[in-house]
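Coordinates in review
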Amino acid sequence: CDQFEAAFQAVELWIADRAVLPVENSFGGSIHRNYDLLLRHRLHIVGEVQLPVHHCLLALPGVRKEFLERVISHPQALAQCEHSLTKLGPSVTREAVADTAGAAEFVAPDDLRDTAAIASARAAELYGLQILADGIQDDPNNVTRFVMLAREPIIPRTDRPFKTSIVFAHDKGTSVLFKVLSAFAFRNISLTKIESRPHRSRPIRVVDDESEGTAKHFEYLFYIDFEASMAEVRAQNALAEVQEFTSFLRLLGSYPIDITPWTPSSPRQN
């Protein structure tokens, strides 16, 4: 799919069984578009994977770095390789495109011998490009977290570590956040992620006070990931308490935690 929303729609329309989409990167932060789409669509998170980012500088066979005039890639990939790109010299321009693999595909058929792409080694293999430089990302510990989405949730279990994702809001503002957090702290449930996003359908909350006048505040949705399975009583009780404090609560998924070991030199590539 060429767009994030198209991936959501492909699963909803039975074109695909699963969609795997990025939600956060250790360098660039959260991918806010996909957090918004999680709320807009009715898919369920059924898994996660955390992949080390491994970028390569790709060009047509025979091209040398000193001949380059342009490097193209996804904006995040360009930002993640800032130091390596600077070393190419001030005359080499940078151009953003929709995705890394698309950058490699763009270079190959048009015989662009002055242009390189930042993409994976797999993209070089697919499109017949050579790797001019391997592992050019600035941060060797750069990791992207992806979630797997499906039409139906999986059955939560307790025989392996699980994570649960929820989103909630309250019509009286953000003061409820402390109460929600205490529901997890009281049960010794660790939170791994808290993300706030402006409420798209109701972005502004107006507060009238005779002594203070009228105040306007942003209205927020809160996304939380916590380490517990919905098969556990403590998780069920925590969500029951959270529901008492919130005007809107939705379970996005309860799914196995990615426990695959990795190192910066891992062969797994983004």
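Computed from a predicted structure; not experimentally measured. (Residues numbered from 1 in each chain as written. Predicted model: local features only at pLDDT ≥ 70, side-chain atom pairs only at ≥ 80, totals over all residues. Heavy atoms only, no water.)

Right, let's get into the overall build of the protein chain. Looking only at helices and strands, one finds eight helices and 15 strands in the protein chain. Within the protein chain, the fraction of its 270 residues that count as buried is 43%. Partitioning the contacts of the protein chain with sequence separation of at least 6, the portion at a separation of at least 24 is 77%. With the model as given, the accessible surface of the protein chain reaches about 14,200 Å², and the carbon-plus-sulfur share is 52%. (Helix = DSSP H or I, 4+ residues; strand = E, 2+ residues; numbered from the N terminus. Buried < 20%, exposed > 50% of the residue type's maximum accessible area, 1.4 Å probe, protein only. Contact = heavy atoms within 4.5 Å. Areas by Shrake-Rupley, 256 points an atom, 1.4 Å probe, with all protein chains shown as cover.)

This part is about the environment of glutamine 80. Along the chain, the position of glutamine 80 falls in helix α3 (residues 75-80). Taking the relative accessible area as the measure of exposure, glutamine 80 reaches 5% and is therefore buried. In this structure, the C-alpha to C-alpha distance between glutamine 80 and valine 53, residues 27 residues apart in sequence, is 9.1 Å. Discounting chain neighbours no more than four positions away, the residues touching glutamine 80 are Asn25, Phe27, Val53, His55, Ile136, Gln137, Asp138 and Asn142.

Bringing helix α5 (residues 100-107) into the picture now. Where α5 is concerned, the buried positions are Ala103, Ala104 and Val107. Within α5, the buried residues cover an arc of 95 degrees as seen down the axis, which keeps them to one side. In this fold, the buried residues of α5 make contact with β4 (56-59), β5 (70-73), β7 (115-119) and α6 (121-127). Residue aspartate 99 occupies the N-cap position of α5, its side-chain oxygen lying 3.3 Å from the main-chain nitrogen of alanine 101. (Arc of directions from axis to C-beta. Polar contact = N/O pair within 3.5 Å; in protein donor to acceptor, adjacent residues only side chain to side chain.)

All right, on to the confidence of the model for the protein chain then. Mean pLDDT over the protein chain stands at 89; residues scoring 70 or higher make up 89%. The element-level mean pLDDT for the protein chain is lowest in strand β12 (residues 204-209), coming to 54, with β4 highest at 98. Long-range and interchain partners of residues 265-270, a stretch whose pLDDT sits below 50, account for 20 contacts in this model, where long-range means more than four residues apart. (pLDDT = per-residue confidence, 0-100.)

For the rest of this paragraph, the subject is the nonpolar core. By size, the foremost hydrophobic cluster in this structure holds 28 residues, and its most contacted members are Leu57, Leu58, Val71, Val107, Ile118 and Leu129. Elements that contribute at least two residues to this core include exactly β4, β5, α3, α5, β7, α6 and β8 (130-134). Contacts of leucine 129, omitting those with residues within four sequence positions, involve Leu58, Ala59, Leu60, Ala104, Val107, Ala108 and Ala124. Counting 19 residues, the second-largest nonpolar core is a separate cluster that includes Ala7, Leu37, Ala169 and Tyr223. (Core = buried A, V, L, I, M, F, W, Y, C linked by side-chain atoms within 4.5 Å.)

In this structure the tally under the stated criterion is 18 salt bridges. For arginine 157, the salt bridge is made with aspartate 159, and the minimal N-O distance between the two is 2.9 Å. Linking lysine 193 and glutamate 195 is a salt bridge whose minimum nitrogen-to-oxygen distance equals 3.2 Å. Grouping residues by exposure puts lysine 193 and glutamate 195 together as buried. Each of Glu24, Glu48, Arg145, Lys163, Lys193, Glu195 and Asp225 takes part in salt bridges that share partners, so that together they form one network. (Salt bridge = Lys/Arg side-chain N within 4 Å of Asp/Glu carboxyl O.)

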